[in-house]
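Here is how the chains run, residue by residue.
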Amino acid sequence: MSVMLNFAMFPTDKGDSVSEYVSKVIKHIDASGVEYKLNPMGTTIETTTMKEALAIVQQSYDILSEFSDRVYCAITIDARKGKDNRMNGKINSIETRIGEVKK
């Protein structure tokens, strides 16, 4: 099974720039060992179970809640049985049709 979860999470009470706080979440995701890609509007992770994907979200919230009284989060999920490595596979599928895309 492949669970791709894209989420944006950040404190809303820390001013215009929140990269200091988002960096703490990314560091945690990296240390967790799950496949992930940072993008300009969030982070996509790929896990083998929904429980594991949602645990990353919970842990990310726990990290930010130490520094903030208000945390924003938007999540999209695509869960598919019988597949894996979809994060790279989806991009490769497009690239076979139109050539290399910007990453």
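Since the structure is predicted, the reported quantities are computational estimates derived from the model, not experimental observations. (Residues numbered from 1 in each chain as written. Predicted model: local features only at pLDDT ≥ 70, side-chain atom pairs only at ≥ 80, totals over all residues. Heavy atoms only, no water.)

What follows covers the environment of Tyr36. Looking at the element boundaries, Tyr36 is found in strand β2 (residues 35–39). Overall, Tyr36 belongs to the partly exposed group, its relative accessible area being 25%. Between the C-alpha atom of Tyr36 and that of Thr47, which follows or precedes it by eleven residues, the distance is 9.1 Å. Sequence-distant contacts of Tyr36, that is, excluding residues within four places in its chain, are made with Ile26, Ile29, Asp30, Thr43, Thr44, Ile45 and Met87. Engagement of the side chain of Tyr36 in a polar contact is seen with the side chain of Asp30, the distance being 3.0 Å. (Helix = DSSP H or I, 4+ residues; strand = E, 2+ residues; numbered from the N terminus. Buried < 20%, exposed > 50% of the residue type's maximum accessible area, 1.4 Å probe, protein only. Contact = heavy atoms within 4.5 Å. Polar contact = N/O pair within 3.5 Å; in protein donor to acceptor, adjacent residues only side chain to side chain.)

In total, this model carries two aromatic pairs according to the counting rule given. With a centroid separation of 5.9 Å and 55 degrees between ring planes, the pair formed by Tyr21 and Phe67 is classed as tilted. Separated by 46 residues along the polypeptide, Tyr21 in helix α1 (residues 19–32) and Phe67 in the loop between α2 (50–65) and β4 (71–80) bring together distant segments of the chain. Residue classification places Tyr21 among the buried positions, given a relative accessible area of 14%. A residue is classified by how much of its surface remains accessible, and Phe67, at 34% relative accessible area, is partly exposed. (Phe/Tyr/Trp six-rings, centres within 6.5 Å; stacked < 30°, edge-to-face > 60°.)

All right, on to the sheet that holds β4 then. Taking strand neighbours across the sheet as the criterion, the four strands line up as β2-β3-β1-β4 in an open arrangement whose pairing is antiparallel. Unpaired on one side and paired on the other, β2 and β4 mark the two borders of the sheet. The average undirected angle you get between the axes of adjacent strands in this sheet is 15 degrees. Across ten bridges, strand β1 (residues 2–11) lies against β4 in antiparallel orientation. Counterpart to Ser2 in the pairing with β4 is Arg80. Docked against the sheet, α1 engages β1, β2 and β3 (42–47), running at close to 155 degrees with respect to β1. (Pairing = 2+ DSSP bridges. Axes fitted to C-alpha atoms, helices over the stretch in contact; angles between N-to-C directions.)

A word on the nonpolar core. Grouped together as the largest cluster of nonpolar side chains are 16 residues, with contacts concentrated most on Leu5, Phe7, Val25, Ile29, Ile45 and Ile56. Of all the secondary-structure elements, those providing two or more residues to this core are β1, α1 and α2. Among the elements that take part in this core, α2 stands out by supplying five residues, more than any other. Discounting chain neighbours no more than four positions away, the residues touching Phe7 are Val25, Ile29, Gly42, Thr43, Ile45, Ile56, Val57, Ser60, Cys73, Ala74 and Ile75. (Core = buried A, V, L, I, M, F, W, Y, C linked by side-chain atoms within 4.5 Å.)

Counted by the stated rule, this structure contains two salt bridges. Here Asp78 makes a salt bridge to Arg86, at a shortest N to O gap of 2.4 Å. Residue Asp78 pairs with Lys90 through a salt bridge whose shortest N-O separation is 3.9 Å. Remark: Lys90 occurs in helix α3 (residues 86–98) and Asp78 occurs in strand β4; sequence separation between them is twelve residues. (Salt bridge = Lys/Arg side-chain N within 4 Å of Asp/Glu carboxyl O.)

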